[in-house]
Amino acid sequence: MTRQIAIIGAGMAGLAAARRFNDAGHAVTLFDKSRGLGGRMATRRAGALQFDHGAQYFTARGERFRELVDGWLAGGQVGEWDNGSYVGTPGMSAPARALAAGCSIVAGSQVTALHRDDAGWTIHDAEGPVATPGNGSFAAAILAVPAPQAIPLAATAGIAWSPMQQASYAPCWALMLAFDKSLDLPSDRMRPEHAAIGWIARDSSKPARSRETETVVVHATPDWSRANLEDSPDDVAPRLLAAFRDLSGIAAKPGFLAAHRWRYALVERTAGQPFLWDETIALSACGDWCLGPRVEAAFESGDALAREMMAKLA
Ligand SMILES: Cc1cc2nc3c(=O)[nH]c(=O)nc-3n(C[C@H](O)[C@H](O)[C@H](O)COP(=O)(O)OP(=O)(O)OC[C@H]3O[C@@H](n4cnc5c(N)ncnc54)[C@H](O)[C@@H]3O)c2cc1C
């Protein structure tokens with residue numbers, strides 16, 4: 001029997017669940033506050049420039065994820081950046097679009113509440129119930145957003161899951177730089193020991209990226225990001241650039257400079273279980289905060305949840 005499934009959050013966790021349900025013949029509607037899919041597997045575009053300013057690469061160790069990644073490698077949605085490190089091509093979010101195929105997508109919709117009655121779940125934004133296929137009533141609802149954002153949504157449904165409350169994230173400020181000349185960086189990816197900078201990647205070295213401009217992504221350390229969390233991107237960008245120059249010895253002036261704040265970037269403490277699921281009301285939750293700070297962990301969480309729910313809903 002076809003069920004209507006609502007998934008709030010179209011990052012890797014929500015999409016992994018969506019794929020399972022869709023493959024089994026259920027009708028999936030994905031809600032996301034962003035215009036694009038992929039969540040933190042994001043690509044920022046600025047004119048002809050592009051930057052993977054969130055997740056930098058991903059691994060594929062689990063059997064099901066490996067199978068999907070092999071398909072995306074063959075289909076051109078993924079490339080291998082380094083041995084065992086994969087990236088979406090032409091941008092990080094390409095696998096997200098592949099996973100969402102066949103699902104209904106409600107983009108640019110910030111969900112504020114979930115209401116349940118005898119007909120099932122309705123999903124609300126600031127304007128009220130969101131109009132969706134199937135008259136907006138869902139047999140099951142899945143929260144696939146970072147734990148701190150899932151807590152208030154679960155509360156609107158009268159649920160407080162303590163493992164969700166345990167999970168925590170470190171923030172990350174990301175700096176995007178473009179140069180018209182190739183830089184003398186010792187490697188395409190670096191994890192320096194530095195108070196402000198935790199990661200430097202030559203983004204333009206990734207497969208299927210333009211080599212015409214040298215693009216670089218710099219991630220601040222969790223401590224630096226926390227200390228400067230509420231500053232504006234315009235304030236943060238020149239300070240992180242100064243730290244990058246100091247560390248790398250590169251004095252060239254970038255032709256493009258921008259900073260982006262990820263308030264919930266990398267999981268520091270997990271819920272310690274692959275997903276949460278209240279079978280009596282058919283409400284569940286998944287995400288990287290269940291298993292660890294990685295794209296693949298988010299996939300495993302959403303995939304495991306969908307398998308369990310399908311077994312029970314059947
Ligand atoms: C700077 C940075 C670097 C990283 N580097 C790596 C790396 O190199 N390798 C790696 O494996 N992982 C990395 N990660 C971690 C990886 O990106 C995440 O673990 C993974 O993408 C999380 O997927 P998710 O589906 O759990 O959450 P998300 O990707 O955050 O998806 C959640 C989605 O929910 C949406 N949402 C939130 N609230 C609402 C709401 N109220 N209504 C509607 N939609 C909502 C968001 O817009 C988002 O699209 C990095 C992350 C960051 C930020």
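Rules used in this analysis
Residues numbered from 1 in each chain as written. Predicted model: local features only at pLDDT ≥ 70, side-chain atom pairs only at ≥ 80, totals over all residues. Pairing = 2+ DSSP bridges. Helix = DSSP H or I, 4+ residues; strand = E, 2+ residues; numbered from the N terminus. Near = placed C-beta within 6 Å. Nonpolar A, V, L, I, M, F, W, Y, C, P; charged D, E, K, R; others polar. Domains from an automatic or database assignment. Axes fitted to C-alpha atoms, helices over the stretch in contact; angles between N-to-C directions. Left-handed = near helix turned anticlockwise from the far one by under 90°. Contact = placed C-beta atoms within 7 Å. Core = buried A, V, L, I, M, F, W, Y, C linked by C-beta atoms within 7 Å. Buried ≥ 20, exposed ≤ 12 C-beta atoms within 10 Å, placed from the backbone.

## Regarding the sheet that holds strand E10 (residues 128–129)
On the basis of which strands lie adjacent, the open sheet formed by 3 strands has the order E8-E9-E10 and antiparallel pairing. Looking at which strands have only one partner, the edges of the open sheet turn out to be strand E8 (111–117) and E10.

## Quick notes on the site of the ligand
Of all residues adjacent to the ligand, which total 38 residues, the nearest are Gly 9, Gly 11, Gly 39, Arg 40 and Ala 55. For the shell around the ligand, the elements supplying multiple residues, two or more each, are helix H1 (12–23), strand E2 (27–32), strand E12 (168–179), strand E16 (256–269) and helix H9 (295–313). Looking at the shell around the ligand, its residues break down into 21 nonpolar, 11 polar and 6 charged. The residues that make up the shell around the ligand include at least three from each of domain 1 (4–41 + 93–167 + 270–313) and domain 2 (168–268).

## Details of the packing of H1 against H9
Running from N to C, H1 and H9 cross one another at 35°; their axes reach a closest spacing of 7 Å. As for how H1 packs across H9, the hand of that crossing is right-handed. Residues Met 12, Ala 13, Gly 14, Leu 15, Ala 16, Ala 17, Arg 20 and Phe 21 of H1 pack against Val 295, Ala 298, Phe 299, Ser 301, Gly 302, Asp 303, Leu 305, Ala 306, Arg 307 and Met 310 of H9. Looking at the contact of H1 with H9 residue by residue, the class counts come to 12 nonpolar, 3 polar and 3 charged.

## Thoughts on the nonpolar core
General note: in soluble globular proteins, nonpolar side chains tend to be found buried as a group. Residues Ile 8, Ala 17, Ile 142 and Leu 240 are the most contacted members of the largest nonpolar core, which totals 100 residues. No fewer than three residues from each of domain 1 (4–41 + 93–167 + 270–313) and domain 2 (168–268) sit in this core.

## Description of the domain arrangement of the protein
Along its sequence, the protein is organised into domain 1 (4–41 + 93–167 + 270–313) and domain 2 (168–268). Taken together, the contact between domain 1 and domain 2 spans 9 residues of the former and 6 residues of the latter. Its residues assigned to classes, the side of domain 1 that touches domain 2 comprises 5 nonpolar, 2 polar and 2 charged.

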